[in-house]
Amino acid sequence: NAGVTQTPKFQVLKTGQSMTLQCAQDMNHEYMSWYRQDPGMGLRLIHYSVGAGITDQGEVPNGYNVSRSTTEDFPLRLLSAAPSQTSVYFCASSSLAGTNTGELFFGEGSRLTVL
Amino acid sequence: AQSVTQLDSHVSVSEGTPVLLRCNYSSSYSPSLFWYVQHPNKGLQLLLKYTSAATLVKGINGFEAEFKKSETSFHLTKPSAHMSDAAEYFCVVSLLYSSASKIIFGSGTRLSIRP
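## Regarding the state of the cysteines
Tallied over the entire structure, the rule returns two disulfides over all chains. Residue pairing for Cys23(A): its cysteine sulfur links by disulfide to Cys91(A), the two sulfurs lying 1.9 Å apart. Handedness of the Cys23(A)-Cys91(A) disulfide follows from its S-S torsion of about -70°: it is left-handed. Here Cys23(A) is found in strand β3 (residues 19–25), whereas its partner Cys91(A) is found in strand β9 (residues 87–94), with 68 residues between them in sequence. Just as Cys23(A) is buried, Cys91(A) falls in that class too. Here Cys23(B) engages in a disulfide with Cys91(B); their sulfurs sit 2.0 Å apart. Looking along the S-S bond of the Cys23(B)-Cys91(B) disulfide, the torsion reads about -70°, which is the left-handed sense. Residue Cys23(B) is located in strand β4 (residues 23–26), and its partner Cys91(B) is located in strand β10 (residues 87–97); the two are separated by 68 residues in the primary sequence. Neither residue differs from the other here; Cys23(B) and Cys91(B) are each classed as buried.

And the structure:
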């Protein structure tokens, strides 16, 4: 059972570089989301999607782009990395009913360092 | 703004004594509320959930939480702390907007257990 798969697990970037964090789920979940986790700030919602072709902004969307061309995949793009984007990133998915019951399924996280 | 506030960033208790982790929410809608736990270098696990059924909710590992609408609170408690309870705890609110939900995390409370 793969669940939610995030890649890469670790990445070091230089300021101004671009990259994409990949997220894939095999549970046919409509809802997918990206969070960043920083010490003392909990998990902050970056972007989320309730189905293929539908995305919306969360609490901290600036500097990040997303797309949802398929139900399974929800990549997060950093167009021009900045040191402030150094963080641990989590992808999470759920059925739409599950968003009301808190049953989020999380990936293992991606630790990004921007120098 | 609709959000969730965890009142303590760090709580330290002795093993065998009660645990209280405080959470207040603000929402114009009837919220669904949850507690998640994250052990060091591990992923996030759903501890318990409130979805407008019973106001006293029991979760895993002996934890429970009570939804108090008049106080807009959803505090997490455990009668007797165990060393294995040392972790970061997140209060989470699911905000329903028509058919879509955002899931917002609090800033977290780090629970330390003294021998």
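## Examining the layout of surface pockets
Roughly 770 Å³ of volume is contained in the largest pocket. For the largest pocket, the lining is made up of 29 residues, of which Gln37(A), Val88(A), Arg111(A), Gln38(B) and Asn41(B) are closest to its centre. Sorting the residues of the lining of the largest pocket by element identifies β4 (31–38), β9 and β11 (110–114) of chain A together with β10 of chain B as the ones contributing at least two each. The dominant element in the lining of the largest pocket, judged by the number of residues it contributes, is β11(A), at four residues.

## Points about the sheet that holds strand β7 (residues 64–66) of chain A
Residue and element names in this part refer to chain A. Reading across from one edge, β1-β3-β8-β7 is the order of the four strands in this open sheet, with antiparallel pairing throughout. Of all the strands in the sheet, just β1 (4–7) and β7 have a single pairing partner and so form its edges. The mean angle between the axes of side-by-side strands here comes to 20°, regardless of whether they run parallel or antiparallel. Bridge count between β7 and strand β8 (residues 76–78): three bridges; the pairing is antiparallel. Along β8, the bridge assignment pairs tyrosine 64 with leucine 78.

The rules behind these values
Residues numbered from 1 in each chain as written. Chains lettered and ligands numbered in written order. Predicted model: local features only at pLDDT ≥ 70, side-chain atom pairs only at ≥ 80, totals over all residues. Heavy atoms only, no water. Disulfide = S-S within 2.5 Å. Helix = DSSP H or I, 4+ residues; strand = E, 2+ residues; numbered from the N terminus. Buried < 20%, exposed > 50% of the residue type's maximum accessible area, 1.4 Å probe, protein only. 1 Å grid on protein atoms, 1.4 Å probe; cavity = no way out; pocket = protein on both sides within 12 Å on 5 of 7 lines; lining within 4 Å. Points joined across faces, edges and corners; volume = space filled by probe spheres on them. Pairing = 2+ DSSP bridges. Axes fitted to C-alpha atoms, helices over the stretch in contact; angles between N-to-C directions.

This is a description of form; function is not addressed.
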